[in-house]
Amino acid sequence: MSDTPVLIAEIRTEFGKGASRRTRRAAKVPAVLYGHGADPVHIDVPEHDLFLVVRGTKNALVELKIDGKSQLALVKEVQVHPVSRNLLHADFLAVKAGEKVDVEVPVVVDGESAPGTAHTIEEFTILVKASATAIPEDLKVSIEGLEAGSAVRVADLVLPAGVEVELDPEQVVVSIQETAAAEEEEAPAEAEATAAE
């Protein structure tokens, strides 16, 4: 808990586009906190603090301080302006320490496949069930030395303790193919062999 970033949130009492614009001018982001069967809570959070939490990470866990009370929450979605890149809105999911949640975790390829091959990522994210306080940042998939025609499937993934995957174990995550250059090199070699005969 001590490493969990804290966001000081204020209950939002005004709604509509004008209110949202005023909130953003005050360097805050309109947001909604939902979950655990409770009514959604409309809040404002400091934009810079939220940006520091979400940059370069998915499924960020934060501690929201609302009216002196603390609530653990996952950042479920952040809307970003396509041009200015300013944060426009955020959705938070209320969680409890130790509670299991379903989250999508990015796939990261590790290592190099065999010479003359290339890899294709078939699943860029994997849906996992993990403790809200121990969500992996990513799932590393080793392709070190794999030959053309090889595939890494869900069943081959090395999962951190307490993390479960509910996808089909045979689902391909990363596949290995020959590169076009390797195929072109083979074609002239075959032509030469035929000519020699």
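Residues numbered from 1 in each chain as written. Predicted model: local features only at pLDDT ≥ 70, side-chain atom pairs only at ≥ 80, totals over all residues. Heavy atoms only, no water.

K.L.:
Lay out a positive patch on the surface in plain terms, naming residues and giving numbers.
P.N.:
On the surface, a cluster of positive charge is made up of K17, R21, R24 and R25. Note that R25 resides in helix 1 (residues 17–25). According to the relative accessible area criterion, R25 is exposed, its value standing at 65%. (Patch = residues over 30% accessible without salt bridge, like charges linked within 9 Å, V, L, I, M, F, W, Y side chains within 5 Å. Areas by Shrake-Rupley, 256 points an atom, 1.4 Å probe, with all protein chains shown as cover. Salt bridge = Lys/Arg side-chain N within 4 Å of Asp/Glu carboxyl O. Lys, Arg positive; Asp, Glu negative; His and termini not counted. Charge placed at Lys NZ, Arg CZ, Asp CG, Glu CD. Helix = DSSP H or I, 4+ residues; strand = E, 2+ residues; numbered from the N terminus. Buried < 20%, exposed > 50% of the residue type's maximum accessible area, 1.4 Å probe, protein only.)

K.L.:
Run through the pairing of strand 4 (residues 61–66), naming residues and quoting values.
P.N.:
In regular strands, side chains alternate between the two faces of the sheet. Summarising burial for strand 4: five of the six residues are buried, a large majority. Pairing analysis gives six bridges linking strand 4 to strand 5 (residues 69–80), with the strands arranged antiparallel. By the bridge assignment, V62 is partnered in strand 5 with A73. Taken together, strand 4 and the strand that follows it, strand 5, pair antiparallel across an intervening segment of two residues, in which D67 is found at a positive phi of about 50 degrees. (Pairing = 2+ DSSP bridges.)

K.L.:
Tell me about the pattern of salt bridges, residues and numbers included.
P.N.:
Here the structure, examined in full by the defined rule, presents seven salt bridges. Its salt-bridge partner being K65, residue E63 comes within 3.5 Å of it at the nearest N-O pair. The partner of E170 in a salt bridge is R153, with the nearest N and O atoms 3.4 Å apart. Of this pair, E170 sits in the loop between strand 12 (164–165) and strand 13 (172–178) while R153 sits in strand 11 (residues 151–153), placing them 17 residues apart in sequence.

K.L.:
Describe in detail the sheet that holds strand 13, supporting the description with residues and values.
P.N.:
Pairing is antiparallel across the open sheet formed by three strands, whose spatial order is 8-13-11. Each of the sheet's edge strands pairs with one partner strand only, and the pair in question is strand 8 (117–121) and strand 11. Each neighbouring strand pair of the sheet contributes to a mean axis angle of 15 degrees, computed without reference to strand direction. (Axes fitted to C-alpha atoms, helices over the stretch in contact; angles between N-to-C directions.)

K.L.:
A description of helix 1 should follow, citing residues and the corresponding values.
P.N.:
Those residues of helix 1 lying buried are A19, S20 and T23. Considered in projection along helix 1, the buried side chains sweep an arc of 100 degrees and stay on one side of the axis. Relative to its buried face, helix 1 has exposed residues pointing more than 90 degrees away, namely K17 and R25. In this structure, the buried residues of helix 1 make contact with strand 2 (28–35) and strand 3 (38–46). Positive backbone phi, at 60 degrees, marks A27, one or two positions downstream of helix 1. (Arc of directions from axis to C-beta. Contact = heavy atoms within 4.5 Å.)

K.L.:
Would you mind going over the environment of V107 in detail, with residue names and values included?
P.N.:
Take V107: it is sitting in strand 7 (residues 100–110). Along the chain, V107 and I126 lie 19 residues apart, while their C-alpha atoms are 6.9 Å from each other. Not counting the four nearest positions on each side in its chain, V107 is found in contact with E123, F124, T125, I126, L139, V141 and V173.

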